[in-house]
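Secondary and tertiary structure notes
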Amino acid sequence: MARLFPRFPPAGSERDQPSVRNSVSLPIALADGRMVVGRMHSFDGLSDEGEHFALELAPRTLSGAVPLVRVHSECVTGDVLGSLRCDCGAQMREALQRIHDDGGFILYLRQEGRGIGLYRKLDAYRLQEQGLDTFSANRALGRGDDERRFNVAAEMLSALGVPRIRLLSNNPAKKLQLIDCGIAVDTMELTGVHVSRHNRSYLEAKVLHTQHQIALDSELPEKQVP
Ligand SMILES: [Zn+2]
């Protein structure tokens, strides 16, 4: 597949700057039944040495367009198992379709459980079953509300040659961190609201604690409710 977006900076780059390690084609079945082919990139030189990856989707996008980018943090329960305790899986499925339609990237960051890891996330789930909300549970475990860092996403964009993006997110903190790391964020395009009876309290906590831009009024029809 031809490169879809121009690289930057093409000259004068330091050898120890983050770089694309490998790129492979990946056929993908979208949730709406379409079969598409993405390009999956791995990296060398990322600052935290994590196995983060990018998925490039954009067969119909004109070269040079500002790509739509989703910065998605790993959620094994939501992304892999389809857990309804959070909206991660629904957001991933939406992002795959929207980015395929618009052209762009999913940057998948291996920072499970808002940065505390899978086992501690499950410890936090246990506390939530005892009445704490998602943020209070993290604090009860001696961890921060949100330990994710998005600077590595900026490093991946730099390695991919993408200095300017449209960000697919409801989270203003992501936009600010990317801008701080030198990425130009033209627009922040909101994701859909994937509320169900299982995740409503989780989404309410996100709005309360992190200023996520999620319309959660009680009149909202529940989407994707099993
Ligand atoms: Zn999740």
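Under an unreviewed UniProt entry, the name given to the protein is GTP cyclohydrolase II, and the source organism is Roseateles oligotrophus. A UniProt comment under Pathway (unreviewed entry) is attached to the protein, and it reads "Cofactor biosynthesis; riboflavin biosynthesis; 5-amino-6-(D-ribitylamino)uracil from GTP: step 1/4."

Taken as a whole and assessed by the stated rule, the structure comprises one aromatic pair. Aromatic side chains F53 and Y108 sit 4.9 Å apart centroid to centroid with 15 degrees between the ring planes, which places their arrangement in the stacked category. With F53 in strand β3 (residues 53–57) and Y108 in strand β5 (residues 104–109), this pair connects stretches of sequence that are 55 residues apart. According to the relative accessible area criterion, F53 is partly exposed, its value standing at 21%. Assessed through its relative accessible area of 9%, Y108 is described here as buried. Directly above the aromatic system of Y125 lies the positively charged group of R85, at a separation of 4.0 Å from the ring centroid.

With that settled, consider the nonpolar core. If you look at the biggest cluster of nonpolar residues, it comprises 23 residues, and the most contacted ones within it are V71, L107, I165 and L178. Contributions of two or more residues to this core are made by β4 (68–73), β5, α6 (151–160), β6 (164–168) and β7 (184–189). Sort the elements by how many residues they give to this core and α6 lands first, with seven residues. Among residues more than four places away in sequence, those in contact with L178 are V71, F150, A153, A154, I165, L167, I183 and V185. Counting 13 residues, the second largest nonpolar core, distinct from the first, contains L57, L96, I99 and I106.

For the zinc ion, the full set of protein donor atoms is C75 (SG), C86 (SG) and C88 (SG), at a range of 2.2 Å. Each donor residue of the zinc ion lies on one chain, and together they are spaced C-x10-C-x1-C. Linking C75 in the loop between β4 and α1 (76–80) with C88 in helix α2 (residues 88–102), this pair joins segments that are 13 residues apart in sequence. Judged by relative accessible area, C75 falls into the buried class, the value being 4%. Residue classification places C88 among the buried residues on the basis of a relative accessible area of 14%.

Rules and cut-offs
- Numbers given for residues are sequential positions, taken from 1 along each chain in its written order.
- Whole-chain, interface and lining totals are the exception, using all residues; otherwise, since this is a predicted model, local features are given only for residues with pLDDT of at least 70 and side-chain atom pairs are given and counted only at 80 or more.
- Excluded from the side-chain calculations are hydrogens and water; all other atoms, namely the structure's heavy atoms, are used.
- UniProt positions are given in the numbering used here, feature names are shortened, and annotations may be inferred rather than shown by experiment.
- Only Phe, Tyr and Trp rings take part, Trp by its six-membered ring, and two of them pair if their centres are within 6.5 Å. Stacked means planes under 30 degrees apart, edge-to-face means over 60, and tilted covers everything else.
- Put simply, DSSP marks the helices as runs of H or I at least four residues long and the strands as runs of E at least two long, and each gets a number from the N terminus on.
- Type-normalised accessible area, obtained with a 1.4 Å probe on protein chains alone, sets the label of each residue: buried when under 20%, exposed when over 50%, and partly exposed for intermediate values.
- Whether a charge sits over a ring depends on NZ of Lys or CZ of Arg being within 6 Å of the ring centre and within 35 degrees of the ring normal.
- Among the buried residues, those of types Ala, Val, Leu, Ile, Met, Phe, Trp, Tyr and Cys that are joined through side-chain atoms within 4.5 Å form a nonpolar core.
- Contacts between residues were defined by any pair of non-hydrogen atoms, one from each residue, lying within 4.5 Å.
- Because no water is among the atoms considered, metal sites can look incomplete, with donors defined as N, O and S atoms within 2.8 Å of the metal, or 3.2 Å for Na, K and Ca.

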